[in-house]
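Observations on the model geometry
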Amino acid sequence: MGKKKKNYEKPSKVKRFFDIAMCVMLVIILTFQVLGLIGASTSEVIAIKESKGLIPTWIGAIYLIGMSVLLCRLWKRKEKLSLIPLALGAVGAAMALVVALTLRAALPLQAAGTNVSLGGIQGLNEWRLFWRHYSLVVVGAVAAIVSFIHYKGLRDARVRKENEAYQEAFNFDKDNPLLEKDDKKDKKKSKKERKAEKE
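An account of the accompanying structure is given in this report. Positions within a chain are numbered from 1, following the residues in the order the chain's sequence is written. Reporting in this predicted model follows two pLDDT cut-offs: at least 70 for local features of residues, and 80 or more for side-chain atom pairs to be given and counted; totals over whole chains, interfaces and linings ignore these cut-offs and use all residues. Each side-chain value is derived from all of the structure's non-hydrogen atoms; neither hydrogens nor water enter the calculation.

Let's talk about the packing of helix α3 (residues 54-74) against helix α4 (residues 83-106)
Each axis is a line fitted through C-alpha atoms, and for a helix only the stretch in contact is used; angles between axes span 0 to 180 degrees, taken between their N-to-C directions. Elements are defined by DSSP. Helices are runs of H or I of four residues or more, strands are runs of E of two residues or more, and each kind is numbered from the N terminus. The geometry of α3 relative to α4 is characterised by a closest axis approach of 8 Å and an angle of 150° between their N-to-C directions. Here α4 runs roughly antiparallel to α3, going by the angle between their axes. The way α3 lies across α4 gives a crossing that is left-handed. Residues L54, T57, W58, G60, A61, L64, I65, M67, S68, L71 and C72 of α3 form the contact with α4, whose participating residues are I84, P85, L88, G89, V91, G92, A93, M95, A96, V99, T102 and L103. Ten residue types, Ala, Val, Leu, Ile, Met, Phe, Trp, Tyr, Cys and Pro, are classed as nonpolar, four, Asp, Glu, Lys and Arg, as charged, and the remainder, Gly among them, as polar. Looking at the contact of α3 with α4 residue by residue, the classes come out as 17 nonpolar, 6 polar and no charged. Angle categories are assigned with fixed cut-offs, so that under 35 degrees is roughly parallel, over 145 is roughly antiparallel, 65 to 115 is roughly perpendicular, and the rest are oblique. What makes a crossing left-handed is the near helix being turned counterclockwise from the far one by less than a right angle; a clockwise turn instead makes it right-handed. When checking whether two residues touch, look at their non-hydrogen atoms; a contact exists if any pair is within 4.5 Å.

The following block contains the structure:
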């Protein structure tokens, strides 16, 4: 007897790439987010002090995106539950974008290579702005994309199985007794059979 094949599909290269990229980026970026939160809470910049919703929005974005990545890994084989990290990632990315745009407006952009501490003005150059703040938006978006890929893959597999089961439920072979009865009813009787019935 042959060995039974396991119903396990090897993940595609695209899925694996996004999974690894998402986790690595999250670990690195969370470090910058925590440092950024500490810096923003102690900042003397008036625009940051006046934007009271900045810190709660920032904390919410970090929490939602972190949960999205975690649940995306835990529920990657559960079709309906894959929609939860998708929603968390999308909402978290939107919140992170609001934070990044607020900081972009509050802090003046410095030229690359400028030593911000010497000038006495708190600011970021374009690379640091992207890496420290917009990168969280990217992680949230990637988490949402990966969750959608998981959901779509699981849904397609389920639909395929249902279609295969539906075809197997009906037997259209000649051996089917129900079909034989129908065939006899529909079959035209020969002249000899009609004469025999009359007699």
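Some points on the side chain of H150
With respect to the helices and strands, H150 occurs in helix α6 (residues 126-168). Burial status follows relative accessibility: with a 1.4 Å probe on protein chains alone, a residue under 20% of its type maximum counts as buried, one over 50% as exposed, and anything between as partly exposed. Taking relative accessible area as the criterion, H150 reaches 5% and is therefore assigned buried. In this structure H150 touches K15, D19, C72, K76 and S82, once residues within four positions along its chain are discounted.

Interpretation in functional terms is not warranted from these geometric data alone.
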